[in-house]
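Chain by chain, the residues:
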Amino acid sequence: MSELQGGPGALFAIGGAEDKLKKRTVLQEFVEAAGGSKARIVVVPTASALGQDVVDVYHALFAALGAQSVVGVRPENREDADDPAFIAPLHDATGIFMTGGNQLKLAGVVTGTAFGRAVTAAHARGAAVGGTSAGASILAEHMIAFGRSGATPRQRMSQLSNGLGLVQGAIVDQHFAQRNRYGRLLSLVAQSPGLLGIGVDEDTAAVVRGTHLEVVGRGAVTIFDGSRINSNAHNASRSEPLLASGVVLHVLPATATFDLQARVLLSYGPQPAAEEIAGLEAAEADLRKLAKEIAAEGVSPKYYADRKKRAGRRTAKAARPAAAGESRPGATEPITAGADLDTPDRFEPDSGTA
C-alpha cells in the first residue's frame, strides 16, 4: 500500500494535446502532485486505440520528469476491470493517469467495476488522479459521451454517460476552444442548471483540490454557471437552438483559482510566498504605528516633507561657488542650523488655498 496520507489527492482534468516536447508544464505539475521523485504512476490507456505505444510515450515522459516508476495497466473489458491482477498496481500508486481516446469506451469498462472503485479509493487516500481528453471527461460524475461541435447550444446536441464521480456537481469537456465545443457544453448546462459546465482548452489543466479549481497551462478553463438560467430546454424541439439567458461566464487563464462550491473567482496572478506576506503585514503595521505617533504629537506630516526640501535647498546653495561679497556657513557650521527647522508646524485645518 502507498504511504500517502492527508486526505484526497489532486484531480487533473487536462484538455488534451498537452505539451510533451518543450516546457511540459501540465505533465510536470501532475508528477509533482503524485510525489515528484517518489511518484509511482499507473498509466491507464483503455480509451486509446494506439496500443502499447501510448504507454511507452507516457512512460518516457513521466520518467524524464522525475517519477520513480511508471507502469501501464490496460483493462479492455469489464471482466478485466474486475480481475485482481489489473487492480493490484493501483493499490501502490501515488498517481493514476488516464489517456485520451474514446471516452464512452473508457466509461463502459471502468465505471461500476472493481477497477473504477480502486481508482476512487486511491484518490481518497491521497493519490493524484488525472487524465487527458477522454481521461479528463470521466473524472466528473456526469460525463459527455459524445456530441456535435458548434457555438450555438441546441437540443440533443450531446449525450451524457456515467463518470467516476471524482468531480462532483460538474460536467467536464475538453479540446474546448480548439474544437468549438461551447454550444454542446452550454446545452447541457441549460438542460441541467445545477451542474457547472467546465470546458478545458488543450495543453491546459483544471486542477481540483477539494472545492478549489486552479488553472495550469497555456490555455484557459471556461466555466458556465447556470444557477439563474432561463431556458426553453424543457420544450424545445430536436436540433432547435436553446434559450440560455442569465448564464454566468468565467474564462480563467493560468494561475486563476475558482471556488466550485461558492462559484466565485478566488484569486488571479502569482501569489506572494507566506514569508513575503508576513513581511508586508509587519511593514504595514509599523506604518500604522508611526502614523499614530505623529498624530499623537500633533506634528503635521507636511512638516517632514518641508524640512527635507529646505535641507536640500541649503545643501545645493552650499555647493555653489560663493559670489563676491556673499557669506556662507563655514565648514564646521551646521548647514541645517536655523529656528525654522527646530519648531515643527502644527496641524491646521486645510483652508483650500495654496
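Residues numbered from 1 in each chain as written. Predicted model: local features only at pLDDT ≥ 70, side-chain atom pairs only at ≥ 80, totals over all residues. Heavy atoms only, no water.

Participant: Got a minute to help me understand the environment of Ala254 in this structure?
Facilitator: Checked against the element boundaries, Ala254 lands in the loop between β15 (248–253) and β16 (257–259). Spatially, the C-alpha atoms of Ala254 and Ala205 are 8.9 Å apart, while their sequence positions differ by 49 residues. Apart from the residues within four sequence positions on either side, Ala254 is in contact with Val215, Gly217, Gly219 and Tyr268. (Helix = DSSP H or I, 4+ residues; strand = E, 2+ residues; numbered from the N terminus. Contact = heavy atoms within 4.5 Å.)

Participant: It is not clear to me how the packing of helix α4 (residues 84–91) against helix α6 (residues 114–124) should be interpreted in this structure. Could you clarify?
Facilitator: When two helices pack together, you describe them by how their axes are tilted relative to each other and by the distance separating the axes. Running from N to C, α4 and α6 cross one another at 5°; their axes reach a closest spacing of 9 Å. Compared by their axis directions, α4 and α6 come out roughly parallel. Packed against α4, whose contacting residues are Phe86, Ile87 and Leu90, the element α6 presents Ala114, Phe115, Ala118, Val119 and Ala122 at the interface. Here the contact of α4 with α6 is built from residues that sort into eight nonpolar, no polar and no charged. (Axes fitted to C-alpha atoms, helices over the stretch in contact; angles between N-to-C directions. Parallel < 35°, antiparallel > 145°, perpendicular 65-115°, else oblique. Nonpolar A, V, L, I, M, F, W, Y, C, P; charged D, E, K, R; others polar.)

Participant: Is there a simple way to explain the sheet that holds strand β1 (residues 11–14) in this structure?
Facilitator: Backbone-to-backbone hydrogen bonds pair the strands of a sheet. The strands run either parallel or antiparallel. A sheet is described by the order of its strands in space; here nine strands give the open sequence β3-β2-β4-β5-β1-β10-β11-β16-β17, paired in mixed fashion. Bordering the open sheet on either side are β3 (69–72) and β17 (264–267), each of which pairs with just one other strand. Strand after strand, the sheet turns through a mean of 20° between neighbouring axes, direction not considered. Here β1 pairs with strand β5 (residues 128–132) via four bridges, running parallel. Of the residues in β5, the one forming a bridge with Ala13 is Gly131. The strands that helix α1 (residues 25–33) touches are β1, β2 (40–44), β4 (95–98), β5, β10 (204–209) and β11 (212–217); relative to β1, the one it contacts most, it runs at about 165°. (Pairing = 2+ DSSP bridges.)

Participant: It is not clear to me how the sheet that holds strand β12 (residues 220–225) should be interpreted in this structure. Could you clarify?
Facilitator: Taking strand neighbours across the sheet as the criterion, the four strands line up as β8-β9-β12-β15 in an open arrangement whose pairing is mixed. What marks the edges here is a single partner per strand, and that holds for β8 (170–173) and β15. Direction aside, neighbouring strands of the sheet carry axes that sit 15° apart on average. Note: β8 against strand β9 (residues 196–200), four bridges, orientation parallel. Opposite Ile171, over in β9, you have Gly197 as the bridge partner.

Participant: What exactly am I supposed to notice about the packing of α1 against helix α2 (residues 52–64) here?
Facilitator: One way to put it is that α1 packs onto α2 with a least axis distance of 10 Å and a crossing angle of 70°. It follows from the interaxial angle that α1 and α2 lie roughly perpendicular. For the pair α1 and α2, contact is made by Leu27, Phe30 and Val31 and by Tyr58, Leu61 and Phe62, respectively. Counted by class, the contact of α1 with α2 contains six nonpolar, no polar and no charged residues.

Participant: Explain the environment of Ala49 here, please?
Facilitator: Within the secondary structure layout, Ala49 lies in the loop between β2 and α2. Placed 52 residues apart in sequence, Ala49 and Gly101 show a C-alpha to C-alpha distance of 6.8 Å.

Participant: I keep staring at the pattern of salt bridges and nothing clicks. Help me out?
Facilitator: Side chains that differ in sign of charge can pair as their charged atoms come close. Summed over all chains, the structure comprises eight salt bridges. With its nearest N and O atoms 3.9 Å apart, the salt bridge here joins Asp173 to Arg181. What makes Asp173 buried here is its relative accessible area of 0%. With relative accessibility at 11%, the residue Arg181 sits in the buried group. (Salt bridge = Lys/Arg side-chain N within 4 Å of Asp/Glu carboxyl O. Buried < 20%, exposed > 50% of the residue type's maximum accessible area, 1.4 Å probe, protein only.)

Participant: Even after reading the chapter, I still don't get unusual backbone geometry, so can you show me in this structure?
Facilitator: Trans is the prevailing form of peptide bonds, just as negative phi is the prevailing case for residues other than glycine. For Asn180, which is not glycine, the phi torsion reads 50° and is therefore positive. Within the secondary structure layout, Asn180 lies in the loop between β8 and α8 (182–191). Here Asn180 falls in the partly exposed class, since its relative accessible area comes to 31%. Despite not being glycine, Asp203 shows a phi value in the positive range, around 50°. Tracing the chain through its elements places Asp203 in the loop between β9 and β10.

Participant: I would appreciate a short explanation of the pairing of β17 in the present structure.
Facilitator: Alignment of β16 against β17, held across three bridges, turns out to be antiparallel. By the bridge assignment, Asp259 is partnered in β17 with Val264. Hairpin connection from β16 to β17: four residues lie between these consecutive antiparallel strands, with Arg263 at a positive phi of about 60°.

Participant: Before we go on, may I ask you to explain the packing of aromatic side chains in this structure?
Facilitator: The description of an aromatic ring pair uses the distance of the two centres, along with the angle that the planes make with each other. Per the counting criterion, the structure on display carries eight aromatic pairs. Residues Phe62 and Phe97 carry aromatic rings whose centres are separated by 5.4 Å and whose planes lie at 75° to one another, so their mutual orientation is edge-to-face. Note that Phe62 is positioned in helix α2 and Phe97 in strand β4, a separation of 35 residues in sequence. You'll find Phe62 and Phe97 in the same group, each marked buried. An aromatic cluster of at least three residues, connected via ring pairs, comprises Phe12, Phe30, Tyr58, Phe62 and Phe97. (Phe/Tyr/Trp six-rings, centres within 6.5 Å; stacked < 30°, edge-to-face > 60°.)

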